[in-house]
Amino acid sequence: MNFNMAMFCRAGGVAVFFLAATGGPAQQLPAGHARDFTSESYFEPPHEQQVKMKLTGAEASPLPGGLLDVKQLRLETFSLDGKPEMVVRAPQCFYAPLDGVANSSGQLELQSADGKFTVEGEGFLWRQNISSLTISNRVRTLIDRSASPGFML
Amino acid sequence: MKIMILMLAAGWCSLAPAQTNTPSPSNPPTNAPAGNAQQAPPAEINSDAADFDLNLHQAVYRGHVRVLDTQVKLTCDWMVVELPTAGGRLNHVLADTNVVVDFTDAKGQTNHVTAARAVYDYQVEGLVTNETVTFTGNPVAETADYIILSEPLIWDRAQNTFHLKNESIKPRHSSNSVGGTNASPALFLK
């Protein structure tokens, strides 16, 4: 998959731009503890102005290796028409912004925008470039009856 | 090869006219368990692990997959679910490997189905609703009265009919089996 994804990161009130695509300009990361940071990725051309995914955190602390220790992770995905699709929440995760990878051994909750579909589990790996979320343990999904009058049967 | 249609209007055991599709009103009919859908508890899927592809809107559940519904219990080794978009509903589910389904029919009788694979498909085309569950891989359905073997075993949920092929139907309380042209017309229609 073509990973031509521009990300916009705001940390500690200071805007820091960086490109995750290979060959992009020099990359900068927040130097210290930050609050309310946001990272956005966009659809591929010709919809490059449309936000595809927004990752936010209440706090982010830098770690060795370019990692961020993110508290109160919130990951939102959007459709091409700008409507929200899914929201993922986790109390804590490690985020590698240059790789677009987040992981945690802790709890995670995913919910569709219409609330009909919720998932919770323990331990996850989020791969931003392919919009893939793996939940490692104790996955529990609830599907609202209006989306599943009778599950299969 | 003729496909045998086992007509099971109420659960598994009574007759109904043979149809394959039905005109659909504004709310496509299904044979979901009776009751207020809004008040029923949600369907639940539990598994050891899962992969969600948010581009494809697809979930793959892996390891000890268990589906709990009000009248259905399903277990399998892995399951693929096409996630509904906003406002949509489930329209494709694949349960694979060691599929075991237990469900209670309209008569309150427990039924048991085993197969290697079960595929649920829901489609509305114009005014026609197609909703099927296709069991393949040596499907065996055990009802209160019969043991049914068919490859494949297709349940047309919109019509509540079973489509059987290369079938063998054995009464549970007799060693005699019925199948092919010897089958009782009271049980199924060709």
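Worth saying up front: this structure is predicted, and the values here are computed from it rather than measured.

Asker: Account for the overall build of chain A, with residues named and values stated.
Answerer: Helix and strand counts for chain A come out as zero helices and nine strands. Buried positions account for 46% of the 153 residues belonging to chain A. Considering only contacts in chain A between residues 6 or more positions apart, those separated by 24 or more positions represent 38%. Carbon together with sulfur atoms contributes 52% to the accessible area of chain A, which is approximately 7000 Å² in total.

Asker: Explain the overall build of chain B to me, using residue names and the numbers behind them.
Answerer: Helix and strand counts for chain B come out as zero helices and 15 strands. Expressed as a percentage of the 190 residues in chain B, the buried residues total 40%. Partitioning the intrachain contacts of chain B with sequence separation of at least 6 by distance along the chain shows that 43% fall at a separation of at least 24. Entry remark: accessible area of chain B is about 9000 Å², with carbon and sulfur atoms responsible for 53%.

Asker: For the confidence of the model for chain A, give the residues involved together with the corresponding values.
Answerer: On average, chain A scores 80 in pLDDT, and the residues at 70 or more come to 76%. Long-range and interchain partners of residues 1-30 of chain A, a stretch whose pLDDT sits below 50, account for 64 contacts in this model, where long-range means more than four residues apart.

Asker: Can you tell me about the environment of L108 of chain A, naming the residues and giving the values?
Answerer: All names here are of chain A. As for its placement among the helices and strands, L108 is situated in strand β7 (residues 101-112). For the pair L108 and I135, spaced 27 residues apart in sequence, the C-alpha to C-alpha distance is 8.1 Å. In this structure L108 touches V88, R89, A90, V119, E120, G121, F124, L133 and I135, once residues within four positions along its chain are discounted.

Asker: So what's going on with the side chain of R145 of chain A? Which residues, and what values?
Answerer: One can find R145 of chain A in the segment after β9 (132-143). Judged by relative accessible area, which is 3%, R145 of chain A ranks as buried. At a separation of 2.6 Å, a polar atom in the side chain of R145 of chain A contacts the side chain of D69 of chain B.

Asker: An account of the pattern of salt bridges is requested, with residue identities and associated values reported.
Answerer: Opposite charge on two side chains allows them to pair when their charged atoms are near. Following the criterion strictly, the structure yields 12 salt bridges over all chains and no others. In this structure, the salt-bridge partner of E122 of chain A is R138 of chain A, at a minimum N-O distance of 2.9 Å. Of this pair, E122 of chain A sits in strand β8 (residues 117-127) while R138 of chain A sits in strand β9, and the two are 16 residues apart along the sequence. We note a salt bridge from E142 of chain B to R172 of chain B, for which the minimum N-O separation is 3.3 Å.

Asker: Any details on unusual backbone geometry? Residues and values, ideally.
Answerer: Cis peptide bonds are those with omega within 30 degrees of zero, and the linkage from P45 of chain A to P46 of chain A qualifies with 10°. Here P46 of chain A lies in the loop between β3 (34-42) and β4 (51-63). Phi is positive for Q72 of chain A, which is not a glycine, with a value near 55°. Considering the arrangement of structural elements, one finds Q72 of chain A in strand β5 (residues 67-78). A residue is classified by how much of its surface remains accessible, and Q72 of chain A, at 49% relative accessible area, is partly exposed. A positive phi is found at N98 of chain B, a non-glycine position, where the angle reads about 55°.

Asker: Which residues make up the interface of chain A and chain B, and what values do they have?
Answerer: Taken residue by residue, the interface counts 34 residues in chain A and 47 residues in chain B. Overall, the association of chain A and chain B removes approximately 3300 Å² of surface from exposure, summing both partners, and the carbon and sulfur fraction of that is 61%. There are two salt bridges connecting chain A and chain B. Listed by contribution, the elements that provide at least two residues to the side of chain A that touches chain B are β6 (84-96), β8 and β9 of chain A. Among the elements that take part in the side of chain A that touches chain B, β9 of chain A stands out by supplying 12 residues, more than any other.

Asker: Outline the side chain of T134 of chain A, listing residues and values.
Answerer: Inspection of the secondary structure assignment puts T134 of chain A in strand β9. Within the structure, the side chain of T134 of chain A is placed 2.6 Å from the side chain of D51 of chain B, a separation counted as a polar contact. Those residues in contact with T134 of chain A, other than ones at most four positions away along the chain, are G123, F124, L125 and R127 of chain A together with A50, D51 and R62 of chain B.

Asker: Go over the packing of aromatic side chains, please, and point to the residues and values.
Answerer: Each aromatic ring pair is characterised by the separation of its centres together with the angle its planes make. All names here are of chain B. A complete count under the given rule lists four aromatic pairs over all chains for this structure. Each ring, one from F52 and one from Y61, has its centre 5.9 Å from the other, and the planes form 85°; the classification is edge-to-face. Accessibility assignment for this pair places F52 and Y61 in one class, buried. Taken together through their ring pairs, the aromatic side chains of F103, W155 and F162 make up a single cluster. Sitting above the plane of the Y122 ring, R89 keeps its charged end 3.5 Å from the centroid.

Here is what the cut-offs are and how they apply
Residues numbered from 1 in each chain as written. Chains lettered and ligands numbered in written order. Predicted model: local features only at pLDDT ≥ 70, side-chain atom pairs only at ≥ 80, totals over all residues. Heavy atoms only, no water. Helix = DSSP H or I, 4+ residues; strand = E, 2+ residues; numbered from the N terminus. Buried < 20%, exposed > 50% of the residue type's maximum accessible area, 1.4 Å probe, protein only. Contact = heavy atoms within 4.5 Å. Areas by Shrake-Rupley, 256 points an atom, 1.4 Å probe, with all protein chains shown as cover. pLDDT = per-residue confidence, 0-100. Polar contact = N/O pair within 3.5 Å; in protein donor to acceptor, adjacent residues only side chain to side chain. Salt bridge = Lys/Arg side-chain N within 4 Å of Asp/Glu carboxyl O. Buried area = accessible area lost by both parts, 1.4 Å probe. Phe/Tyr/Trp six-rings, centres within 6.5 Å; stacked < 30°, edge-to-face > 60°. Lys NZ or Arg CZ within 6 Å of the ring centre and 35° of its normal.

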